[in-house]
Amino acid sequence: MQNSSSTLPIIIIGAGIGGLSAAIRLASAGRRVLMLEQNPQVGGKMSQFCAAGFRWDTGPSVITMRHVFAELFAAAGRHIEDYLTLIPVEPLTRYFYQDGTVLDASRNWPTMAAQIEHIEPRDIEGYLRFLAYAARLHRITGPAFIYDQPPSLRSLARVPPWDVLKIDPWLTLNQVIQRHVRSPHLRQLLQRFATYVGADPFQAPATLGVIAHVELTGGVWYPQGGIYAIAIALARLATELGVEIRTNCPVQQIVVKNSQATGVRLTDGRTLDASTVIANVDVTTVYQQLLPPEIATTPRRQQLTARETSCSGYVMLLGIEGDHPRLAHHNIFFASDYQREFTDIFQQGIPPNDPTIYVAITSKSDPDHAPPGCENWFVLVNAPAVGANFDWATQEADYRQRIFATLKRFGFDLQPRLRSQTILTPVDLAERTGAWRGALYGISSNQALNAFRRPHNRSAHVRRLYFVGGTTHPGGGVPMVTLSGKVVAEMVLADSKVMLPAPNAPP
Ligand SMILES: Cc1cc2nc3c(=O)[nH]c(=O)nc-3n(C[C@H](O)[C@H](O)[C@H](O)COP(=O)(O)OP(=O)(O)OC[C@H]3O[C@@H](n4cnc5c(N)ncnc54)[C@H](O)[C@@H]3O)c2cc1C
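Residues numbered from 1 in each chain as written. Predicted model: local features only at pLDDT ≥ 70, side-chain atom pairs only at ≥ 80, totals over all residues. Heavy atoms only, no water.

Colleague: I tried to follow the site of the ligand on my own but got confused; where do I start?
Modeller: Near the ligand there are 36 residues, and of these G18, E37, K45, G470 and V478 occur at the shortest range. Side-chain polar atom of N280 to an oxygen atom of the ligand: 2.9 Å apart, as the coordinates give it. When the free accessible area of the ligand is taken as 1,000 Å², the share hidden by the protein chains comes to 95%. Listing elements by their share of the shell around the ligand, those giving two or more residues are α1 (17-28), α15 (426-433) and α17 (478-499). Its residues assigned to classes, the shell around the ligand comprises 17 nonpolar, 16 polar and 3 charged. (Near = heavy atom within 4 Å. Polar contact = N/O pair within 3.5 Å; in protein donor to acceptor, adjacent residues only side chain to side chain. Areas by Shrake-Rupley, 256 points an atom, 1.4 Å probe, with all protein chains shown as cover. Helix = DSSP H or I, 4+ residues; strand = E, 2+ residues; numbered from the N terminus. Nonpolar A, V, L, I, M, F, W, Y, C, P; charged D, E, K, R; others polar.)

And the structure:
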């Protein structure tokens, strides 16, 4: 029996963080929501893994913009503290350089100033000026590019012309950093923020400096229990609000009739009707796999697949004997030639020969994530999206040795003390989450205009089909996809008012 469209659920394909955020907003507004997730667990790229007495987060590890999560819980009439314990992390990150320098990035100004004084006294003022510049970027670009509906000519017209000049639209992130600080150490530290959206600081626009603001001024937060606690908390809230979450439930196709999404077909052959469909799947994957050919035409698919992607990641989950008091919760081991790293990734399509290595150790904050006397290392190296120039199946083992050798040079000889190791390549990331070519953050943010070229949250080709998550507005990263849920929920609710007959209209 066919339900009337007003009682049909809104179907969300995928229970990543963006999908969960949209579900919470829509259920809070009284809508019926059904989430269909292909994996046995929710969270998407935010996931966890246990082996040999160790526990690791396998995806995101750095959480910024606490206010975004607090606001989501508040929108549902809840207090975030009742669901999550978010602890400020200090130092924000410990940076290790090839020349032996170690720098603890800190929100505590005397701590930070003392270290800059030691490295390059003239940079104290430059660093403060950069922080002020990054805060200004946040004030100017936030309303148009981060917190609200996708940018349009109308929304941009609200940005005063003198503010446009202040965001240096013609400069790269690297160029503005060079204008503010002299020390190669500080420059590299600030350049790294482009990688938070999988971009190259030597090509990406200066506006990505906004990421430095949210971390260096706003801080880094760790959810007690591990990053995956966020996924658990959001799924709990969604369920409390009446959202039905079905895991192990892969969607095969979005059903489209007369250019309108009417439901989904599951891989088991069943069809589920929906009033609206929201895809939390990578938009390129939706066009490649989930839309019927008359909608996903070859030119439309090619338009998406031809775009440069953000970078992917090579992940090692290591269970290691011994404590490492020299290390903090978040650590970076910098490459000597940072520009070369991005040339390798974006021009050569190969993982960096001399990689910068990120290591997160949650057992520093949650000791039960590793057996006594051991640590759980999450090792992440920037890597190109899956492509023809590097074959992970045959070349991964050699690349792993390169990472171990680099860490050994920094004084960490891990291989004799390994109790457990699990590898995730860009191919695994693509297979597990549907990320096109394993790219972590959708299309690349290397060009200034890419913020406008990001696929819109409202489908351009199918009515009542929407997109949420890291490959649509406002972009990738856990806080951004949480905001994406807000954007799409507001869009769906506004559109449904337009589509419903006016209260006094004749039936
Ligand atoms: C290794 C790594 C490190 C990262 N580090 C950070 C970090 O430190 N900080 C940060 O903020 N961000 C980080 N990110 C990025 C962040 O994890 C993502 O931007 C964010 O989690 C993406 O959420 P999403 O809403 O786009 O959904 P996704 O996580 O992409 O989830 C999509 C969901 O859709 C499901 N799905 C796909 N196809 C189907 C189908 N046909 N049927 C049903 N379900 C389907 C998938 O299984 C998945 O659960 C990292 C990501 C990775 C992988």
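So that's the structure; there's more coming.
Colleague: Any chance you could explain the sheet that holds strand β2 (residues 33-36) here in plain terms?
Modeller: Sheet strands line up and pair through hydrogen bonds in the backbone, either parallel or antiparallel. What the 5 strands build is an open sheet, ordered β9-β2-β1-β13-β19; its pairing is parallel. Looking at which strands have only one partner, the edges of the open sheet turn out to be β9 (244-246) and β19 (465-467). Recorded for the sheet is a direction-independent mean angle of 20° between the axes of neighbouring strands. Summarising the sheet, strand β1 (residues 10-13) and strand β13 (residues 276-279) pair through 4 bridges and their orientation is parallel. In the sheet register, I10 faces β13, and the bridge partner there is T276. Packing against the sheet, α1 makes contact with β1, β2, β9 and β13, and its axis sits at approximately 165° to β2. (Pairing = 2+ DSSP bridges. Axes fitted to C-alpha atoms, helices over the stretch in contact; angles between N-to-C directions. Contact = heavy atoms within 4.5 Å.)

Colleague: Quick question: what am I supposed to make of the pattern of salt bridges here?
Modeller: Charged atoms that come close allow side chains of opposite charge to pair. Counted by the stated rule, this structure contains 17 salt bridges. Among the ionic pairs, E240 bridges to R236, the shortest N-O distance being 3.1 Å. Here E240 and its partner R236 are both found in helix α10 (residues 228-240), 4 residues apart, which amounts to about one turn of the helix. Given the relative accessible area of 40%, R236 is considered partly exposed. Here the salt bridges do not stand alone but share partners, grouping R78, R236 and E240 into one network. (Salt bridge = Lys/Arg side-chain N within 4 Å of Asp/Glu carboxyl O. Buried < 20%, exposed > 50% of the residue type's maximum accessible area, 1.4 Å probe, protein only.)

Colleague: So what exactly am I meant to see when it comes to the packing of α1 against α10 here?
Modeller: Packed helices, taken two at a time, are described by the angle between their axes plus the distance between the axes. Where α1 meets α10, the closest approach of the two axes is 9 Å, and the angle between their N-to-C directions is 30°. Between α1 and α10, the crossing angle belongs to the class labelled roughly parallel. By crossing handedness, the relation of α1 to α10 is classed as left-handed. Mapping the contact onto sequence places I17, L20 and I24 in α1 and A231, L234, A235, L237 and A238 in α10. Of the residues belonging to the contact of α1 with α10, the class tally is 8 nonpolar, no polar and no charged. (Parallel < 35°, antiparallel > 145°, perpendicular 65-115°, else oblique. Left-handed = near helix turned anticlockwise from the far one by under 90°.)

Colleague: How should the pairing of strand β7 (residues 102-105) be read in this particular structure?
Modeller: Two faces make up the sheet, and in a regular strand the side chains alternate between them. Inspection of the sheet shows strand β6 (residues 93-96) paired to β7 by 4 bridges, in the antiparallel sense. Its bridge partner being in β7, R94 is matched across the sheet by D104. Counting the residues between successive antiparallel strands, the hairpin from β6 to β7 contains 5 residues, one of them, G100, with a positive phi of roughly 95°.

Colleague: Sorry, what's going on with the pairing of β2 here?
Modeller: Residues V33 and M35 line one face of β2 and the alternating positions L34 and L36 line the opposite face, and both faces are buried. Judged from the 4 bridges that link them, β1 and β2 form a sheet pairing that is parallel. Pairing of I11 across the sheet is with L34, part of β2. Since β1 and β2 lie parallel, the crossover through α1 that links them has a hand, and here it is right-handed. (Right-handed = clockwise from strand over helix to strand, strands pointing away.)

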